Amino acid sequence: MDVFDRNINIDALFKFSQISRSTQLHLKNVYSSLAACMLVAAAGSYVHVVTRLFQGGLLSALGSLAMIVWLGMTPHSPESERKRMAILAGFAFLTGLGLGPTLDFVIAVNPSIIITAFMGTSVIFICFTLSALYAKRRSYLFLGGTLMSALSLLLLLSLFNIFLGSVVLFKANMYVGLLIMCGFVLFDTQLIIEKAENGDKDYVWHCVELFLDFVAIFRKLMVILAMNDKDKKKEKK
């Protein structure tokens, strides 16, 4: 039998039988909002890196925190939908602005790293998202406790390394943190599906969860690539 004579049903690749129709529509809203957040965050980063009208730093971090608290305190309803989308846009802009210092560091090393890191983050995010969508429902929810414990431990090590100043520990933090955030893409995607199946259709807040995962992966991947590039340049000298 010639395998090349077989017909491939492309549409079947995008059918998720274990996910209800209403949840699939909910996920479309989530990922549409996520795409919009990416554009707004890119605008925030552009303002810092190119225009210098505003600078990312402590104020942008506090501003994004205030926005996320405001969003969490604003109930999900048809009447508040536009307001919550505006808050989401403000949060995304300030988050992009907050990426500015990291972008400055990467540009000083090699500007092309930014494109490489974004493409790499997109591939990682899409692959892990599809893994969560195609996998059996709730099969990755057991990761929640392990991921939170690992993240807490990583935070403690980061605080400890402030006083120690170990480059090796910092690099390990970046690599392990990247692995943990990949796990969160699996966990958060399946958790969003379960919430939607149980009636929670707050796509704005669900978008925030995935947006934070994407930004964290992007930031860590940029730093890892920049550090590796610097090490290569040192070896050539």
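Residues numbered from 1 in each chain as written. Predicted model: local features only at pLDDT ≥ 70, side-chain atom pairs only at ≥ 80, totals over all residues. Heavy atoms only, no water.

Asks: Explain helix H7 (residues 167–197) to me, please; I cannot follow it from the model alone.
Replies: For an α-helix, the turn length of 3.6 residues means that residues three or four places apart are oriented alike. In this model, H7 (31 residues) spans 45 Å end to end at C-alpha, consistent with the 45 Å of a helix rising 1.5 Å per residue. Two or three places before Val168, at the opening of H7, Ser166 has a side-chain oxygen 3.5 Å from that residue's backbone nitrogen. Of the residues trailing H7, Gly199 is marked for its positive phi of about 105°. (Helix = DSSP H or I, 4+ residues; strand = E, 2+ residues; numbered from the N terminus. Expected span 1.5 Å × (residues − 1). Polar contact = N/O pair within 3.5 Å; in protein donor to acceptor, adjacent residues only side chain to side chain.)

Asks: Sorry if this is basic, but what is going on with the confidence of the model for the protein here?
Replies: Detailed reading of the predicted model is not advised wherever pLDDT is low. Looking at the protein as a whole, its pLDDT mean stands at 90, while 92% of the residues score no less than 70. The lowest-confidence element of the protein is helix H6 (residues 143–164), averaging 91 in pLDDT; the highest-confidence one is helix H3 (residues 81–98), averaging 96. Throughout residues 1–6 the model reports pLDDT below 50, and contacts reaching past four residues in sequence, or to other chains, amount to one contact. Note that pLDDT drops below 50 for residues 8–14; the model gives that stretch two contacts with residues more than four away or on any other chain. (pLDDT = per-residue confidence, 0-100. Contact = heavy atoms within 4.5 Å.)

Asks: How do you make sense of unusual backbone geometry when you look at a structure like this?
Replies: The bulk of non-glycine residues show a negative phi, and the bulk of peptide bonds are trans. Of note, the phi angle at Arg52 is positive, near 60°, even though the residue is not glycine. Secondary-structure assignment places Arg52 in the loop between helix H1 (21–51) and helix H2 (58–73).

Asks: I'm lost on the pattern of salt bridges in this one. Help?
Replies: Any two side chains of opposite charge can pair, so long as their charged atoms come close to each other. Applying the stated criterion to the full structure yields five salt bridges. As a salt-bridge pair, Asp104 and Arg52 come within 3.3 Å of each other at their nearest N and O atoms. Linking Asp104 in helix H4 (residues 100–109) with Arg52 in the loop between H1 and H2, this pair joins segments that are 52 residues apart in sequence. Asp231 serves as the salt-bridge partner of Lys171, at 2.6 Å between the closest nitrogen and oxygen. Here Asp231 lies in helix H8 (residues 203–236) and Lys171 lies in helix H7, a separation of 60 residues in the sequence. Under the relative-accessibility criterion, Asp231 is labelled partly exposed at 26%. (Salt bridge = Lys/Arg side-chain N within 4 Å of Asp/Glu carboxyl O. Buried < 20%, exposed > 50% of the residue type's maximum accessible area, 1.4 Å probe, protein only.)

Asks: Just checking my understanding: could you explain the environment of Asp200 for this structure?
Replies: Tracing the chain through its elements places Asp200 in the loop between H7 and H8. Asp200 sits in the partly exposed class, given a relative accessible area of 31%. Non-local contacts of Asp200, meaning those with residues more than four positions away in its chain, are made with His26, Lys195 and His206. A distance of 3.2 Å separates a polar atom in the side chain of Asp200 from the backbone nitrogen of Asp202.

Asks: Please clarify how the layout of surface pockets should be interpreted in this entry.
Replies: Think of a ball as big as a water molecule: rolled over the atoms, this probe shows where empty space is left. Here the largest pocket is characterised by a volume of approximately 820 Å³. The wall of the largest pocket is formed by 31 residues, among which Met181, Leu212, Ala216, Arg219 and Lys220 lie closest to the centre. When residues of the lining of the largest pocket are traced back to their parent elements, those giving at least two are H2, H3, H6, H7 and H8. Its residues placed into classes, the lining of the largest pocket shows 19 nonpolar, eight polar and four charged. (1 Å grid on protein atoms, 1.4 Å probe; cavity = no way out; pocket = protein on both sides within 12 Å on 5 of 7 lines; lining within 4 Å. Points joined across faces, edges and corners; volume = space filled by probe spheres on them. Nonpolar A, V, L, I, M, F, W, Y, C, P; charged D, E, K, R; others polar.)

Asks: What is the right way to read a nonpolar patch on the surface from this model?
Replies: Nonpolar side chains collect at one region of the surface, where Leu58, Leu59, Leu62, Leu65, Val69 and Met73 lie side by side and expose about 680 Å² of accessible area between them. Structurally, Leu62 is set in helix H2. (Patch = residues over 30% accessible without salt bridge, like charges linked within 9 Å, V, L, I, M, F, W, Y side chains within 5 Å. Areas by Shrake-Rupley, 256 points an atom, 1.4 Å probe, with all protein chains shown as cover.)

Asks: What exactly am I supposed to notice about the UniProt feature "transmembrane region" (unreviewed entry) in the protein here?
Replies: Annotation from UniProt places "transmembrane region" (unreviewed entry) at residues 30–47, 53–73, 85–107, 113–133, 140–160 and 172–191. Annotation note: span residues 30–47, helix share 100%, strand share 0%, distance between end C-alpha atoms 26 Å. (UniProt positions renumbered as here; feature names shortened; annotations may be inferred.)

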